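Topology and contacts: notes
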Amino acid sequence: MPESTEPFVAVYTQHLPAVSRYLARRVDRSDVDDLAADVFAIAWRKRDSVSPGEELPWLYRIASYQVANHRRRLAARASVLGLLSVPDSAPSAESLVTADAELARAWAAIGPRDREVLALVVLDDLSVGDAALALGVSANAVSIRLHRAKKALAAALGESGSSSSERSPAPAT
């Protein structure tokens, strides 16, 4: 007897917009629909391996693997053809902070690991536990990474703020 598809359809309907936004920040917009379809095809095949309530971080983890595979394919295609890789035109997590030049400099100054944990928790609005599932690490590890990432970003913001104050002298009192 065929298995009911209703629970999967409910998960798909609920989480497709979030998965699409996640992908849109990481790849060209023209690739989002195809990658989202791949994510949910994999999710369908492995649907028995996810616990109820953990679907979104699990889907983000699948999506992160699909993004990595997609980028490898692009790089391989570019190297084979001798072309430069196609620049991303979709807004990335980095582009969301570029409206503020100081924040953009600080964002670029921190490491990719720090940017990823901040993007998942702050931009993608995941809980620490869900981010842990998405990254494949413990919640404690995400808490530590998040704390360090926030400190690194604050330090980078402080450095860019102090460098601009060094350029313009303070008014005499």
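See the structure printed just above.
Just so you know, these numbers come straight off a predicted model, no measurement behind them.

Here we come to helix α7 (residues 128–135). Those residues of α7 not exposed but buried are Ala131, Ala132 and Ala134. For α7, the buried positions fall inside an angular range of 165° around the axis, keeping them on one side.

It is worth spelling out unusual backbone geometry at this point. Residue aspartate 125 is not a glycine yet carries a positive backbone phi of 60°. Structurally, the position occupied by aspartate 125 is in the loop between α6 (112–123) and α7. A relative accessible area of 66% means that aspartate 125 is categorised as exposed.

Judged by nonpolar contacts, the single largest core of 39 residues is most densely connected at Val19, Leu23, Leu59, Tyr60, Leu118, Leu120 and Leu126. Mapped onto this core, the elements with two or more residues apiece are α1 (6–24), α2 (29–45), α3 (55–81), α5 (101–109), α6, α7 and α8 (139–167). Leucine 120 has contacts with Tyr22, Tyr60, Asp125, Leu126, Ala131, Ala134 and Leu135, leaving out every residue within four places of it along the chain.

Within α5, the full set of buried residues consists of Ala104, Ala106 and Trp107. Seen along its axis, α5 keeps its buried residues to an arc of 165°; they face one direction. Seen from the buried face of α5, the exposed residues on the opposite side, beyond 90 degrees, are Ala108 and Ala109.

Looking now at the packing of α1 against α2. Put simply, α1 and α2 touch, their axes get as near as 10 Å, and they point 140° apart. As judged from the angle between their axes, α1 and α2 are oblique. Viewed along their axes, α1 and α2 form a crossing whose handedness is right-handed. In this structure, α1 contributes Phe8, Tyr12, His15, Leu16, Val19, Ser20, Leu23 and Ala24 to the contact, and α2 contributes Arg29, Val32, Leu35, Ala36, Val39, Phe40, Ala43 and Trp44. Here the residues of the contact of α1 with α2 sort into 13 nonpolar, two polar and one charged.

On to the pattern of salt bridges. Pairing between side chains of opposite charge can happen when the charged atoms of each approach one another. Scanning the entire structure with this criterion turns up three salt bridges. The salt bridge involving arginine 26 is made with glutamate 116; its shortest N-O contact spans 3.8 Å. With a gap of 90 residues between them, arginine 26 in the loop between α1 and α2 and glutamate 116 in helix α6 connect regions that are remote in the sequence. Residue classification places glutamate 116 among the partly exposed positions, given a relative accessible area of 25%. Taken together, the salt bridges that share partners define one network made up of Arg25, Arg26, Glu116 and Asp124.

Once that is clear, we can look at the layout of surface pockets. Left-over empty space is what a probe sized like a water molecule reveals as it rolls over the atoms. Empty space within the second largest pocket amounts to approximately 200 Å³. If you go around the second largest pocket, you meet 13 residues; those closest to its centre are Pro7, Phe8, Val11, Arg47 and Val50. When residues of the lining of the second largest pocket are traced back to their parent elements, those giving at least two are α1, α2 and α3. Looking at the lining of the second largest pocket, the element that brings in the most residues is α1, giving three residues. Per-class residue counts for the lining of the second largest pocket are seven nonpolar, two polar and four charged.

What counts and how
- Residues numbered from 1 in each chain as written.
- Predicted model: local features only at pLDDT ≥ 70, side-chain atom pairs only at ≥ 80, totals over all residues.
- Heavy atoms only, no water.
- Buried < 20%, exposed > 50% of the residue type's maximum accessible area, 1.4 Å probe, protein only.
- Helix = DSSP H or I, 4+ residues; strand = E, 2+ residues; numbered from the N terminus.
- Arc of directions from axis to C-beta.
- Core = buried A, V, L, I, M, F, W, Y, C linked by side-chain atoms within 4.5 Å.
- Contact = heavy atoms within 4.5 Å.
- Axes fitted to C-alpha atoms, helices over the stretch in contact; angles between N-to-C directions.
- Parallel < 35°, antiparallel > 145°, perpendicular 65-115°, else oblique.
- Left-handed = near helix turned anticlockwise from the far one by under 90°.
- Nonpolar A, V, L, I, M, F, W, Y, C, P; charged D, E, K, R; others polar.
- Salt bridge = Lys/Arg side-chain N within 4 Å of Asp/Glu carboxyl O.
- 1 Å grid on protein atoms, 1.4 Å probe; cavity = no way out; pocket = protein on both sides within 12 Å on 5 of 7 lines; lining within 4 Å.
- Points joined across faces, edges and corners; volume = space filled by probe spheres on them.

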